[in-house]
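Read off the chains here:
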Amino acid sequence: MRQNLLHYLRCPQCRSRLSLSKAIVANWIEQGQLLCTQCQHIYAITKGIAYLYVENEEWKQLAAEAAGWVQMAKDAGCYDQTGIDIDFRLPYVPIPPWIDIARAFDIVLNIVRPHPGAMVVDIGAGRGWAAKQFAIRGCYAVAVEINDDDQIGLGRSLALMQHANVQYDLLIASSQRLPLANESFDIVFASAALHHSTSLETLLSEAARILRRRGKLIAIHEPCIADHVTPEQYAPDIAQETAYNIHESRPKLDDYRHALRHAGLQELALFNHEL
């Protein structure tokens, strides 16, 4: 964790400022603790990753989901990334689904044109590939994820950063309760993350809360089903992931629009996957 991130961090329980303790103060803080100045809750920093969540029923579900992602990757035989350089090239690898994700990400870069120093939060960051790409372009990037696994979770970002010679901050936290200050970021980015939330309205409201005035939320690779499709019809599409305790939903266009407007966000553009 970088020391200057402290200015933007907030307690996920009471939204108060955090102070640093039991840490060797340097540009990159490897180990230490974050102490809430109001409720006195303590959060750990381990291997440079800040663990900013509250142990409650919501987090128990998220922890089960994180374990499910790991187990699903192991069962599919694609867990161990040792010696594999695909992660270092993401999203620019010529295999599905990354072909479409890379195309969408390039559209994102063309729309937002992130400038050096822009404040970016990557929610549902996975291994942190998008945060890395923003950091390469000079942005101040923060990756938020529920999974700290060293192979398929945010722990993998440590290798990504070393390979690309960049730094971005790593937070294990709920995207529905972001431990970040109001109106502090220029861009909130999500790739295939919105539909995993248990409350789309809550997630988008959190994104709106941390965005500065005229800031932008950009989401790519999100499913959007036709109005006539029923839960029974799309159940087979989500069965594999739900079997691993992974929360899956298939919002309709009106679901996204309602949640966006509820959060106080204004639509600038909506693209279907063919554009």
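These lines cover the structure that appears in this document, whether it is placed above or below.

**Section: the sheet that holds strand β4 (residues 49–51)**
For step 1, the next point in the chain: Reading across the sheet, the nine strands line up as β1-β2-β3-β4-β7-β6-β5-β8-β9 and stay open at both edges, with mixed pairing between neighbours. Either end of the sheet is taken by a strand with one partner, and the two such strands are β1 (18–21) and β9 (211–220). Going from strand to strand, the sheet's axes swing by 25 degrees on average, the running direction of each strand aside.
For step 2, the next point in the chain: With two bridges joining them, strand β3 (residues 42–46) and β4 adopt antiparallel strand pairing. Among the inter-strand pairings, I45 is bridged to a residue of β4, identified as A50.

**A look at the packing of helix α6 (residues 200–210) against helix α8 (residues 253–262)**
For step 1, the next point in the chain: Viewed as axis vectors pointing N to C, α6 and α8 meet at an angle of 45 degrees, and their least axial separation amounts to 8 Å. Our classification of the angle between α6 and α8 gives oblique. Between α6 and α8 lies a crossing of right-handed hand. Only D255, Y256, H258, A259, L260 and H262 of α8 make contact with α6, whose side of the interface consists of L200, E201, L204 and S205.
For step 2, the next point in the chain: Of the residues contributing to the contact of α6 with α8, the split by class is five nonpolar, three polar and two charged.

**Topic: the environment of K22**
For step 1, the next point in the chain: Among the structural elements, K22 can be located in the loop between β1 and β2 (32–36).
For step 2, the next point in the chain: On the accessibility criterion, K22 (71% relative accessible area) is exposed.
For step 3, the next point in the chain: Distance from K22 to Q176, taken between C-alpha atoms, is 28 Å for residues 154 residues apart in sequence.

**A few points about the packing of aromatic side chains**
For step 1, the next point in the chain: Counted by the stated rule, this structure contains nine aromatic pairs.
For step 2, the next point in the chain: Seen from their ring centres, Y8 and F185 are 5.9 Å apart, and the 50 degrees between their planes marks the pair as tilted. Taken together, the positions of Y8 in the segment before β1 and F185 in strand β8 (residues 185–191) put the pair 177 residues apart, joining distant regions of the chain. Judged on exposure class, the residue Y8 and its partner F185 are both buried.

**Describing unusual backbone geometry**
For step 1, the next point in the chain: Each neighbour pair has its own omega, and for L90 with P91 the value is 5 degrees, a cis peptide bond.
For step 2, the next point in the chain: Residue placement: P91 occurs in the loop between α2 (86–89) and α3 (98–112).
For step 3, the next point in the chain: Even without being a glycine, E183 presents a positive backbone phi close to 50 degrees.
For step 4, the next point in the chain: Tracing the backbone shows E183 in the loop between β7 (169–172) and β8.

**Brief notes about the nonpolar core**
For step 1, the next point in the chain: The biggest cluster of nonpolar side chains holds 41 residues, and the ones touching the most others in it are L9, L34, L171 and L204.
For step 2, the next point in the chain: Broken down by secondary-structure element, the contributors of at least two residues to this core are β2, β3, β5 (119–123), β6 (140–145), β8, α6, β9 and α8.
For step 3, the next point in the chain: When residues of this core are assigned to their parent elements, the largest contribution, five residues, is made by α6.
For step 4, the next point in the chain: In this structure, L34 is in contact with M1, L6, L9, L18, S19, L20, H41, I42, Y43, I45, A50 and L52, ignoring residues within four places of it in sequence.
For step 5, the next point in the chain: Core analysis: the second largest hydrophobic core is formed by 38 residues, L90, F105, A118 and L160 among them.

**A closer look at the pairing of β9**
For step 1, the next point in the chain: One ladder, built from six bridges, connects β8 with β9; its direction is parallel. Within β9, the position partnered with V188 by the bridge is L217.
For step 2, the next point in the chain: With α6 bridging β8 and its parallel neighbour β9, the resulting β-α-β unit is right-handed.

**A few points about the environment of A239**
For step 1, the next point in the chain: Within the secondary structure layout, A239 lies in helix α7 (residues 231–242).
For step 2, the next point in the chain: Residues A239 and L109 lie 130 residues apart in sequence; the distance between their C-alpha atoms is 33 Å.

**Thoughts on the pattern of salt bridges**
For step 1, the next point in the chain: Under the definition given, this model contains 13 salt bridges.
For step 2, the next point in the chain: We note a salt bridge from R103 to D100, for which the minimum N-O separation is 3.3 Å. With R103 and D100 both in helix α3 and three residues apart, the pair spans about one turn of that helix.
For step 3, the next point in the chain: Using a relative accessible area of 41% as the deciding quantity, one classes R103 as partly exposed.
For step 4, the next point in the chain: On the basis of relative accessible area, D100 is assigned to the partly exposed category, the value being 42%.
For step 5, the next point in the chain: We note a salt bridge from E206 to R209, for which the minimum N-O separation is 2.9 Å. Placement of the pair is E206 and R209 together in helix α6, with a separation of three residues, close to one helical turn.
For step 6, the next point in the chain: For E206, a relative accessible area of 6% corresponds to the buried category.
For step 7, the next point in the chain: A relative accessible area of 18% places R209 in the buried class.
For step 8, the next point in the chain: Where salt bridges share partners, they join R15, E206 and R209 into one cluster.

About the criteria used
- Residues numbered from 1 in each chain as written.
- Predicted model: local features only at pLDDT ≥ 70, side-chain atom pairs only at ≥ 80, totals over all residues.
- Heavy atoms only, no water.
- Pairing = 2+ DSSP bridges.
- Helix = DSSP H or I, 4+ residues; strand = E, 2+ residues; numbered from the N terminus.
- Axes fitted to C-alpha atoms, helices over the stretch in contact; angles between N-to-C directions.
- Parallel < 35°, antiparallel > 145°, perpendicular 65-115°, else oblique.
- Left-handed = near helix turned anticlockwise from the far one by under 90°.
- Contact = heavy atoms within 4.5 Å.
- Nonpolar A, V, L, I, M, F, W, Y, C, P; charged D, E, K, R; others polar.
- Buried < 20%, exposed > 50% of the residue type's maximum accessible area, 1.4 Å probe, protein only.
- Phe/Tyr/Trp six-rings, centres within 6.5 Å; stacked < 30°, edge-to-face > 60°.
- Core = buried A, V, L, I, M, F, W, Y, C linked by side-chain atoms within 4.5 Å.
- Right-handed = clockwise from strand over helix to strand, strands pointing away.
- Salt bridge = Lys/Arg side-chain N within 4 Å of Asp/Glu carboxyl O.

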